[in-house]
Amino acid sequence: MKEITYQKAINEAIDEEMKRDPSIFIIGEDIGKHWGGSLGELAGLFDKYGAERVRETPISETAILGGAIGAAATGMRPIAYLYFDDFLGVCGDELINQLQMKYMYGGKTKLPLTITAYIGAGLSAAHQHSKCLFGWLMNISGLKIVAPATAYDAKGLLKSAIREDNPVIFLEHKVLLLSRSTSQIPNEEYTIPLGKADIKRGGSEVTVVAIALMVHRALAAADKLQEKGISIEVIDPRTLVPLDKQAIIDSVKKTGRLVIMDEEPKTGSAAGEIAAIVAEEAFDFLDAPIKRVCAPDTPIPFSPVLEKFWMPDEEDLIKAINEIM
Amino acid sequence: MAIEKEKLLDMYRTMVRIRIFEEKIAEDFAAGKIPGFVHLSAGQEANPTGVCANLRIDDIITSTHRGHGHVIAKAGNQYSLAPMVAELYGRKTGVNKGKAGSQHLSDMDIGVLVAEGIQGTALTLAAGAALTAKLRGTDQVVVSFIGDGTLNTGRFHEGMNMASAWKLPLICYCENNVWAESTNIYDVTNLTNITDRAVAFNIPGVSVDGNDVLAVYKVAAEAVARARKGEGPTFIEGKTCRRFGHFQGDTHLYRSQEEKDECMKRDPIPRFRKRLIEMKVLTEKEADKIQQEVQEEMDKAVKFALESPFPDPEEVLTDVYA
């Protein structure tokens, strides 16, 4: 075993996959010789694989994603580095009208494409560099969505995403990317299949489904509640599409209570979708109303005080749990 | 440039196939037999025909909403029209299993990557396909057919910039029929020559009579040769006109009668037929025979489509993921 940061996990996953498969290349802004990704997570890859495979582009999101789709449809396995997922709006046509190529053309085209993008608030980056967009992305058919919370998950899931013959968006939380905290990972190669949730903490009284950074806040809240004798199970879906519905439903069957913690405006969120699934498929097992701990339905503010209020935190989660106990 | 007789006849047949296809679709659409909407390319046949006569089956094109002609020309005359017609009729036997329809008729087996209903993105996808060719070191060429309406999208600029910066084997071929839906291109751009746009990318920009198939062939041949040699992209404008409205049902009253009459007179097919007869490549009788053979082929294709079943409703759920 070895200790590894979230950032290093991403670097290792891409490095190992590029070494294994020459059809993989990265395309995006600032990924190469000077920065190695704007948070440095791609450091060293340019020197190792060169300008052809670590392909720097101008600020041109539609050409980055459109180019990656065109390359994927013709036999390459690109990683489109979209920077902040807030920039996805620039290439909306590619997302909502082009990733569906396989379906549209009757099954002939394959799109082995990974899109990576930073998500999340917490850095006072304001509205154009802080969103998660989970719910928005979940509404796009044909796109798989990965949002890892730990270095271990990030590495194993990114390797699987790159190997997928479908478009996958891999969402990296900036707070986690900048964190020095580490996970233990095996020295030998491993992958984690998409669509498999992870029970980050076992418990018996409340199921908390938390996504990305919120997993850590949910775990912190669970520690505090444990002191008060309330047992929380924390489930990290890890991938939102495909969603491991069964893991969530199984947990709800055991606890009878569900709270979803999701860092995005409540309306149209991933939390809403998860709540709806449980309401439809496990209603009889619920002993209390489902709660969603989300951000308010507003843009994301800059000032640390405002941003802190905007982001869901342990106290918000504890309050929601207390309401249903 | 001497073009062999067989190729000339092949090109003539392709143009006739596109015209007969489009006219039959116009008729059947008016009769309510075809769902959705259709955008026909009659009058513009010389453009895809002249370009695709320079391409191999492993070369790639991107097409548009006005794309039937691109697919027919790229596929070659040995490719049956039947699955294409069946697609337009929404049948199980359609090229795209009834999921694409007229606007997205496309077939990667013959190198048609996409047929886009929203303009601009095809340029970036085409640049990506050209990047594949470059990374793999093949000499494949990618042609992105666009209309004049695409010239003012951001994606046109982004795709062309990428292709020129990386010297990708991409040809952007603009079929300039002047009208973007109901808007005249010269009313919404400060351009007299649209090929001036090529200057911004520091690549050759060539204008050609898009109703003269031999002129199109020649210009495309040079661009394809440049691309194959790794010398980068070319922008070509084919000056053409459409015989029908933007979509079937469009009365195109925004065009003057004079302009429409002029377009009818510029018909590329009788023009090429006359030329081939002068060149002694074709006789009137042989030309009539080609016309008749294609008509029979189209009748059979329509019969095939009409006799084909609709897709099973469960087909909705297939092919979302690999």
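Residues numbered from 1 in each chain as written. Chains lettered and ligands numbered in written order. Predicted model: local features only at pLDDT ≥ 70, side-chain atom pairs only at ≥ 80, totals over all residues. Heavy atoms only, no water.

1. Describing the state of the cysteines
All names here are of chain B. Taken as a whole and assessed by the stated rule, the structure comprises one disulfide over all chains. Between the sulfur atoms of cysteine 241 and its disulfide mate cysteine 263 the distance is 2.2 Å. Since a negative S-S torsion denotes a left-handed disulfide, the cysteine 241-cysteine 263 link at about 95° is right-handed. Of the two residues, cysteine 241 is situated in the loop between β8 (234-239) and α10 (257-265) and cysteine 263 in helix α10; the sequence distance between them amounts to 22 residues. The buried category is assigned to cysteine 263, whose relative accessible area is 4%. With no disulfide of its own, cysteine 52 lies closest to cysteine 172 among cysteine sulfurs, the gap being 14 Å. (Disulfide = S-S within 2.5 Å. Helix = DSSP H or I, 4+ residues; strand = E, 2+ residues; numbered from the N terminus. Buried < 20%, exposed > 50% of the residue type's maximum accessible area, 1.4 Å probe, protein only.)

2. A short note on the packing of aromatic side chains
Where two aromatic rings form a pair, the distance of their centres and the angle of their planes describe that pair. All names here are of chain A. In total, this model carries 13 aromatic pairs over all chains according to the counting rule given. Between tyrosine 81 and tyrosine 118 the ring centres are 6.2 Å apart and the planes differ by 85°, which places this aromatic pair in the edge-to-face class. Residue tyrosine 81 is found in strand β4 (residues 77-84), and its partner tyrosine 118 is found in strand β5 (residues 114-119); the two are separated by 37 residues along the sequence. No difference in accessibility class separates tyrosine 81 from tyrosine 118, as the two residues are buried. With 6.0 Å between their ring centres and 65° between their planes, tyrosine 83 and phenylalanine 87 make a pair best called edge-to-face. No difference in accessibility class separates tyrosine 83 from phenylalanine 87, as the two residues are buried. (Phe/Tyr/Trp six-rings, centres within 6.5 Å; stacked < 30°, edge-to-face > 60°.)

3. Examining the pairing of strand β13 (residues 258-265) of chain A
Residues and elements named next belong to chain A. Taking burial as the measure, the eight residues of β13 include seven buried ones, the bulk of the element. As defined by bridge partners, β13 adjoins strand β14 (residues 291-295) across four bridges and the pair is classed as parallel. Note that in β14 the partner of proline 265 across the bridge is alanine 295. You can see the chain leave β13, run along helix α11 (residues 270-281) and come back into β14, and the turn it takes is right-handed. (Pairing = 2+ DSSP bridges. Right-handed = clockwise from strand over helix to strand, strands pointing away.)

4. Focus: the domain arrangement of chain A
All names here are of chain A. As assigned here, chain A comprises domain 1 (2-185) and domain 2 (198-324). Computed from C-alpha atoms alone, the centre-to-centre distance between domain 1 and domain 2 is 26 Å. Between domain 1 and domain 2, the residue contacts involve 30 residues of the former and 28 residues of the latter. A per-residue breakdown of the area domain 1 buries against domain 2 is headed by Ser124, Phe134 and Met138, which together make up 26% of the total. Applying the counting criterion to the domain 1 and domain 2 interface returns two salt bridges. We note a salt bridge from arginine 238 to aspartate 153, for which the minimum N-O separation is 2.9 Å. Between the two partners, domain 1 and domain 2, sit 14 residue pairs in polar contact (both at pLDDT 80 or more). Looking at the side of domain 1 that touches domain 2, the elements with two or more residues in it are α6 (134-138), β6 (144-146), α7 (151-163) and α8 (174-177). Here the side of domain 1 that touches domain 2 is built from residues that sort into 19 nonpolar, eight polar and three charged. (Domains from an automatic or database assignment. Contact = heavy atoms within 4.5 Å. Buried area = accessible area lost by both parts, 1.4 Å probe. Salt bridge = Lys/Arg side-chain N within 4 Å of Asp/Glu carboxyl O. Polar contact = N/O pair within 3.5 Å; in protein donor to acceptor, adjacent residues only side chain to side chain. Nonpolar A, V, L, I, M, F, W, Y, C, P; charged D, E, K, R; others polar.)

5. Topic: the pairing of strand β2 (residues 24-28) of chain A
All names here are of chain A. The buried count for β2 comes to five of five residues, which makes it a mostly enclosed element. In β2, alternate side chains face the same way, and those of Ile24, Ile26 and Gly28 on one face and Phe25 and Ile27 on the other are all buried. Alignment of β2 against strand β3 (residues 54-56), held across three bridges, turns out to be parallel. From the neighbouring strand, glycine 28 faces β3, where its bridge partner is glutamate 56.

6. Looking at the packing of helix α1 (residues 6-20) of chain A against α7 of chain A
Relative placement of two packed helices is described by the angle separating their axes and the distance separating the axes. Residues and elements named next belong to chain A. Following both chains from N to C, one finds α1 and α7 inclined at 30°, their axes separated by 8 Å at the closest point. Judged by the angle between their axes, α1 and α7 are roughly parallel. α7 is crossed by α1, and the crossing has right-handed handedness. Residues Tyr6, Ala9, Ile10, Glu12, Ala13, Ile14, Glu16, Glu17 and Arg20 of α1 form the contact with α7, whose own contacting residues are Ala151, Ala154, Lys155, Leu158, Lys159, Ile162 and Arg163. (Axes fitted to C-alpha atoms, helices over the stretch in contact; angles between N-to-C directions. Parallel < 35°, antiparallel > 145°, perpendicular 65-115°, else oblique. Left-handed = near helix turned anticlockwise from the far one by under 90°.)

7. Side note on the pattern of salt bridges
Residues and elements named next belong to chain A. According to the stated counting rule, one finds 57 salt bridges over all chains in the structure shown. Here lysine 254 and glutamate 233 are joined by a salt bridge, their closest N and O atoms 2.6 Å apart. Of this pair, lysine 254 sits in helix α10 (residues 245-255) while glutamate 233 sits in strand β11 (residues 232-236), and the two are 21 residues apart along the sequence. Sharing partners across several salt bridges, the network here consists of Lys2, Glu12, Glu16, Glu17, Arg20, Lys155, Lys159, Arg163 and Glu189.

8. Brief notes about the sheet that holds strand β4 (residues 170-176) of chain B
Residues and elements named next belong to chain B. Across the sheet, which stays open at both edges, the six strands sit in the order β2-β1-β3-β4-β8-β7 with parallel pairing between neighbours. In this open sheet, the two edge strands, each paired with only one partner strand, are β2 (112-116) and β7 (205-209). Between one strand axis and the next, the sheet turns through 20° on average, direction left out of account. Bridging between strand β1 (residues 60-64) and β2 involves four bridges; their strand directions are parallel. By the bridge assignment, serine 63 is partnered in β2 with alanine 115. In this fold helix α3 (residues 68-75) packs onto β1, β2, β3 (142-147) and β4, with an angle of close to 160° to the strand it touches most, β1. Of the strands in this sheet, β3, β4 and β8 are in contact with helix α7 (residues 154-165), which crosses β4 at around 145°.

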